Amino acid sequence: MAEERPSKRRVMHAVIPAAGLGTRFLPATKATPKEMLPVVDKPAIQYVVEEAVAAGLANVLVVTGRNKRPLEDHFDRNYELESTLTRKGDADRLQLVQHATSLAHLHFVRQGDPRGLGHAVSCARAHVGRSPFAVLLGDDLIDPRDPLLSTMISVHEATGQSVIALMEVPPNQIPLYGCAAVGPAPLAAAAAFENRGSGCDAVAVTGLVEKPTAEEAPSNLAVIGRYVLHPRVFDVLEHTAPGRGGEIQLTDALATLAGLDPAEGGGVLGVIFRGRRYDTGDRLDYLKTVVTLACEREDLARPLLAWLADFVASRADEDGQGSL
Ligand code: UTP
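The model shown is predicted, which means the values in this text are computed figures rather than measured ones.

## Regarding the overall build of the protein chain
Piece 1. Scanning the protein chain for helices and strands turns up 12 helices and 13 strands.
Piece 2. Here the C-alpha atoms of the protein chain give a radius of gyration of 21 Å, agreeing with the 20 Å that 2.2 N^0.38 yields for 324 residues.
Piece 3. Each of the three principal axes of the protein chain carries a C-alpha extent, and together these read 65 × 60 × 45 Å.
Piece 4. Taking all 324 residues of the protein chain together, 46% fall into the buried category.
Piece 5. Considering only intrachain contacts with a sequence separation of at least 6, the fraction spanning at least 24 residues in the protein chain is 80%.
Piece 6. Working note: accessible area of the protein chain is about 16300 Å², and carbon and sulfur atoms make up 53% of it.
Piece 7. A gap of 4 Å separates the mean positions of the 33 positive and 41 negative side-chain charges of the protein chain.

Listed below in structure tokens is the structure:
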């Protein structure tokens, strides 16, 4: 098969899977998707949509599950609220409310049963068609100062191969993630990094394992929630059997894709990310994310840090007395 034209490598769509059960956050996620949990004053998914738009992807498809209403409502107009804020002359809050509506061209598709991340991605097929697309997990936040997604898009556009984001993690955390076996990247991928100053590295992905034990893990490189995928992945997903946890795993499909000929849409590259990532799908990491991002806000940083210092000191006193 002839190599595809570079124009066919243009990434136009972002897909955000948000149909998982969020069991680690029950009961908060009983009637609300975890992607709607507030991080300071915005739901997690809004940060993710903003990231997609900042990388040039204003066409966003959200894969929703049984609790889709709050997600759709958040990005929709709320005339009653807007007219109340207008009447009160609260222009700042009005702007905040309207910003979510005008942010992107949002589309929604229903997953039905949450049969795994791979299945959620395959639900995007009719929308995305035969073009490459980005997948951003709705509970994984990347700091806007670290342009991971646009770096991944450049690597895809330079090589035509699928690109996944990897992060070095300590061995005890590897069983929480997909893990990649890697080798040297092709020259075109390395060239795509030139002049970007992103602090990332490119590698070729030679194998992938979902949530291995520390002994089984082929490296300390964990797959994190950003992907730029060749549409060939849809054919592979169609033939991917349920894997770990009985779910159709995106990692399994990518392991197959990594072994296919790049001239036929195969091949997977990795971008090793060394920037700031915030996980909001796990309770402890969620709490750390909220505190970290609140400390970045001008109006909250000082009073929050002062309170935290007092709080930690008082807890240390209490613990000290308790141990006497
Ligand atoms: P997770 O495994 O972190 O989400 O999936 P989960 O299953 O909702 O969470 P826990 O483990 O039960 O707490 C990663 C992403 O994939 C989406 C989730 O919404 C999350 O953004 N997902 C997962 C789907 O959209 N559909 C699925 O069937 C599974």
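## Here we look at the site of the ligand
Piece 1. Residues in close proximity to the ligand total 19 residues, the closest being Gly-22, Thr-23, Glu-35, Gln-111 and Gly-116.
Piece 2. For the ligand, an oxygen atom lies 2.7 Å from a polar atom in the backbone of Gly-22.
Piece 3. The separation between an oxygen atom of the ligand and a polar main-chain atom of Arg-24 is 2.8 Å.
Piece 4. Cavity membership is defined here by more than half of the atoms lying within 2 Å of grid points; on that basis the ligand lies in the largest pocket.
Piece 5. Where the shell around the ligand is concerned, the elements lending two or more residues are strand S1 (13-18) and helix H5 (117-122).

## Details of the packing of aromatic side chains
Piece 1. Throughout the structure, instances matching the rule amount to 3 aromatic pairs.
Piece 2. With a centroid separation of 5.2 Å and 85 degrees between ring planes, the pair formed by Phe-25 and Tyr-286 is classed as edge-to-face. Placement of Phe-25 in the loop between S1 and strand S2 (38-39) and of Tyr-286 in helix H11 (residues 283-294) is noted, with a sequence separation of 261 residues between them. The same class applies to Phe-25 and to Tyr-286, which are both buried.
Piece 3. When the centroid spacing of 4.9 Å and the interplanar angle of 15 degrees are considered together, the rings of Trp-307 and Phe-311 count as stacked. Within this pair, Trp-307 and its partner Phe-311 are both found in helix H12 (residues 301-322), separated by 4 residues, close to a single helical turn.
Piece 4. A residue is classified by how much of its surface remains accessible, and Trp-307, at 48% relative accessible area, is partly exposed.

## Focus: empty space enclosed by the protein
Piece 1. Scanning all chains against the criterion turns up 1 cavity of 30 Å³ or more.
Piece 2. In this model, the largest cavity occupies a volume close to 70 Å³.
Piece 3. In terms of lining, the largest cavity is formed by 14 residues, of which the most central are Ala-18, Gly-20, Pro-33, Arg-66 and Asn-67.

Rules of the game
Residues numbered from 1 in each chain as written. Predicted model: local features only at pLDDT ≥ 70, side-chain atom pairs only at ≥ 80, totals over all residues. Heavy atoms only, no water. Helix = DSSP H or I, 4+ residues; strand = E, 2+ residues; numbered from the N terminus. Rg over C-alpha atoms; globule rule 2.2 N^0.38 Å. Buried < 20%, exposed > 50% of the residue type's maximum accessible area, 1.4 Å probe, protein only. Contact = heavy atoms within 4.5 Å. Areas by Shrake-Rupley, 256 points an atom, 1.4 Å probe, with all protein chains shown as cover. Lys, Arg positive; Asp, Glu negative; His and termini not counted. Charge placed at Lys NZ, Arg CZ, Asp CG, Glu CD. Near = heavy atom within 4 Å. Polar contact = N/O pair within 3.5 Å; in protein donor to acceptor, adjacent residues only side chain to side chain. 1 Å grid on protein atoms, 1.4 Å probe; cavity = no way out; pocket = protein on both sides within 12 Å on 5 of 7 lines; lining within 4 Å. Sits in = over half its atoms within 2 Å of the grid points. Phe/Tyr/Trp six-rings, centres within 6.5 Å; stacked < 30°, edge-to-face > 60°. Points joined across faces, edges and corners; volume = space filled by probe spheres on them.

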